[in-house]
Amino acid sequence: MSERDQCSISGVGVGLRHEHLSDILAQQPAVPWFEVLVDNWLSEGGLDRSAILGMAERYPLAFHGVNLNLGGVDPLDMAYLARIKTLMQDCQAAHYSEHACFSRYENDYLFDLCPLPYTQESARHLAMRVEQVQDFLGEEMLIENVSSYFEYQSSALDEAEFLVEVSQRSGCKLLLDVNNVYVNAVNHGFDVTEYLQRIPQQLVAEIHLSGHDRKSGYLLDTHGTPVTDDVWRWYHYAIQRYGHVPTLIEWDHNLPEWKILEAERIKAEHLWR
Amino acid sequence: MAIEATLASFRDAVVRDQSHQLSMRLRSGGMLDVSQRIVIYQNNRQQTLLAVMGKQYPVTKQVVGAGCFDQLCVRYDRCHPATSCDLDAYGEHFATFLEGIETVGDKTPYLADLCRLEYALVQSYYAKERSALDVQVLNALPAEQQSQVVFQLAADVIPLCLNHDVHQLWQQHQTGMFKQTFTCPMVRTDLVVARDRYKPKANAVDQPETSLLKALQEKKTVGQLMSSLDFSEAALISLLHKGWIDGFHVAA
């Protein structure tokens, strides 16, 4: 489907953050790939532009976005998507992933990954917009499950069914965030095993691992702590079920030193092997 | 579409603090009630915006203190909600917003100018690369067209005309020498924020350069520049030499 040069990713990578850039470029650690939070690297010039191109020369990169408003009802921002497409070409990125959620309504930006109702209507709507993105990029994209803190009464499908429905309608693959599955399982009281078993092996193209905070009465997805023991256990289960899917250590807030992230990556790599 | 009504109710709850419609659409049960669940999203949004503003305006935050800064940012969001998903551009009107708050103006009259400097430094950092001015094409233009040339400032070059010398305050912050008791003199200060390789810097400029920069911002043609009494050829050469002018077009 794709006509551009693109790298492939394998093994356990790390989410690239500005704070670690100088360490990475200086030490050139043996990390098989990095995931780029593309919204942070769309500047047209300056240090960031130079750094991301420098990273692309050294490492395979996958692109991950948060601002497309993929599940929203406003028209997709094609100018924003065009900038992503250009950067993907420049960096020969492996793929582009976004979230199965919405982040904007009319002119109000929510700056969060907001859950959709899990209905057939939503699934059709999201699949149609995924197709629009894939047609524009000329390649298959990945969609990721998000953490949530409530459920809509109108949801007739469970989350796994919804993701599979969207994937099958649009032809996209899934980016399975095991932490988000666990957070939602605790917050909404479902069984992680059943969730993972509902997702066919061939649909999962990438896995995310991250940390959460335990609050009074719920789990808050912070991406700001080490991966918890529960999530490591479910990752082990997921790898057994889905095989050697590229996996990412994702850490966005309260960023630790690079060596701590690297230690998390190595821990995941032991399970991945 | 039912989905549209659901998303609208979510927006109303999180951005406009009108939770009734969303509450009716949510399942109850578990250890949290529906309103507590909505508050999580309200907090997430607010924390994101506070983090962005803190990144855009670190010195301003230090000057007023984190608690006061956060309150100002919350008020700012109500008056100037984000109009783009590009968070690097968020906070554009913060300086003007602060000028409208009497208590801020009384205690720290220089704060708005400090914001202008901080915002310009961020925008300069992310600006597109300069292109080389094509002198051959410029020289090849017929004389009548040359007088109609409008020079273009590079995207990372941002002239600032301030009422307070906030540059010194900003520099103190960079070197860790910042003192809470610092007072900022009220004196007209002309600065140009421009990137030196990758790092944006605030540069002092003299009067002829300031006048020329203002004229360039106003898109004046070469003919108009040269007929102006305060035109300085030396200033034009200086800006060209610094690479601050990186393009031109011929006015219709």
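Residues numbered from 1 in each chain as written. Chains lettered and ligands numbered in written order. Predicted model: local features only at pLDDT ≥ 70, side-chain atom pairs only at ≥ 80, totals over all residues. Heavy atoms only, no water.

With respect to the overall build of chain A
Then, number 1: Secondary structure assignment for chain A yields nine helices and 12 strands.
Then, number 2: In terms of C-alpha radius of gyration, chain A reaches 18 Å, essentially the compact-globule figure of 19 Å for 273 residues.
Then, number 3: Across its three principal axes, chain A shows a C-alpha extent of roughly 50 × 40 × 35 Å.
Then, number 4: Within chain A, the fraction of its 273 residues that count as buried is 62%.
Then, number 5: In the structure as shown, chain A presents an accessible area of about 10,200 Å², 46% of it carried by carbon and sulfur atoms.
Then, number 6: One way to put it: in chain A the 20 positive side-chain charges average out to a point 3 Å from where the 41 negative ones average out. (Helix = DSSP H or I, 4+ residues; strand = E, 2+ residues; numbered from the N terminus. Rg over C-alpha atoms; globule rule 2.2 N^0.38 Å. Buried < 20%, exposed > 50% of the residue type's maximum accessible area, 1.4 Å probe, protein only. Areas by Shrake-Rupley, 256 points an atom, 1.4 Å probe, with all protein chains shown as cover. Lys, Arg positive; Asp, Glu negative; His and termini not counted. Charge placed at Lys NZ, Arg CZ, Asp CG, Glu CD.)

Observations concerning the pairing of strand E10 (residues 212–215) of chain A
All names here are of chain A.
Then, number 1: The pairing of E10 with strand E11 (residues 218–221) spans four bridges and is classified as antiparallel. Counted as the bridge partner of aspartate 213 is leucine 220 from E11.
Then, number 2: Counting the residues between successive antiparallel strands, the hairpin from E10 to E11 contains two residues, one of them, glycine 217, with a positive phi of roughly 95 degrees. (Pairing = 2+ DSSP bridges.)

Re the sheet that holds strand E8 (residues 173–177) of chain A
Residue and element names in this part refer to chain A.
Then, number 1: Spatial strand order, E1-E2-E3-E4-E7-E8-E9-E12: eight strands in a closed barrel with parallel pairing. Shown here is a sheet whose adjacent strand axes are inclined to one another by a mean of 30 degrees, direction ignored.
Then, number 2: Where strand E7 (residues 142–144) meets E8, three bridges bridge the pair, whose relative direction is parallel. Following the sheet pairing, isoleucine 143 is matched in E8 by leucine 174. (Axes fitted to C-alpha atoms, helices over the stretch in contact; angles between N-to-C directions.)

Regarding helix H14 (residues 233–242) of chain B
Residues and elements named next belong to chain B.
Then, number 1: Along H14, the residues classified as buried are Ala235, Leu236 and Leu239. Across the axial projection of H14, the buried residues extend over an arc of 100 degrees, all falling on one side. In H14, the exposed positions that point more than 90 degrees away from the buried face belong to Glu233, Ala234 and His241.
Then, number 2: Where H14 is buried, its residues touch strand E1 (149–153), helix H12 (207–217) and strand E5 (245–250).
Then, number 3: Among the residues trailing H14, glycine 243 stands out with phi positive, at a value near 80 degrees. (Arc of directions from axis to C-beta. Contact = heavy atoms within 4.5 Å.)

Observations concerning the sheet that holds strand E4 (residues 199–204) of chain B
Residues and elements named next belong to chain B.
Then, number 1: The antiparallel open sheet is built from three strands, whose spatial order is E2-E3-E4. Each edge of the open sheet is held by one strand with a lone partner, namely strand E2 (158–164) and E4. Between one strand axis and the next, the sheet turns by 30 degrees as a mean value, whatever way the strands run.
Then, number 2: The sheet contact formed by E2 and strand E3 (residues 186–196) spans six bridges and is antiparallel. Residue pairing in the sheet places leucine 162 in a bridge with threonine 189 of E3.

Let's talk about unusual backbone geometry
Residues and elements named next belong to chain B.
Then, number 1: You will see that aspartate 17, though not glycine, has its phi angle at about 60 degrees, which is positive.
Then, number 2: Relative to the helices and strands, aspartate 17 resides in the loop between helix H1 (2–15) and helix H2 (20–25).
Then, number 3: One non-glycine residue, lysine 219, lies in positive phi territory at about 60 degrees.
Then, number 4: For lysine 219, the location among the structural elements is in the loop between H12 and helix H13 (222–227).

Here we look at the domain arrangement of chain B
Residues and elements named next belong to chain B.
Then, number 1: Assigned domains within chain B: domain 1 (1–108) and domain 2 (130–252).
Then, number 2: Contacts between domain 1 and domain 2 engage four residues on the former and six residues on the latter.
Then, number 3: Carbon and sulfur atoms supply 65% of the area buried between domain 1 and domain 2, which totals about 450 Å² over both sides.
Then, number 4: Contact with domain 2 buries area across many residues of domain 1, yet Val59, Gln62 and Val63 alone supply 93% of it, more than any other trio. (Domains from an automatic or database assignment. Buried area = accessible area lost by both parts, 1.4 Å probe.)

Quick notes on the packing of helix H4 (residues 120–137) of chain A against helix H5 (residues 159–170) of chain A
Each pair of packed helices can be described by the angle between their axes along with the distance between the axes.
Residue and element names in this part refer to chain A.
Then, number 1: For the pair H4 and H5, interaxial distance at closest approach is 8 Å and the crossing angle is 45 degrees. Considering the angle they form, H4 stands oblique to H5. For the element pair H4 and H5, the recorded crossing hand is right-handed. For the pair H4 and H5, contact is made by Gln120, Ser122, Ala123, Arg124, Leu126, Ala127, Val130, Glu131 and Gln134 and by Phe162, Glu165, Val166, Arg169 and Ser170, respectively.
Then, number 2: Its residues assigned to classes, the contact of H4 with H5 comprises six nonpolar, four polar and four charged. (Parallel < 35°, antiparallel > 145°, perpendicular 65-115°, else oblique. Left-handed = near helix turned anticlockwise from the far one by under 90°. Nonpolar A, V, L, I, M, F, W, Y, C, P; charged D, E, K, R; others polar.)

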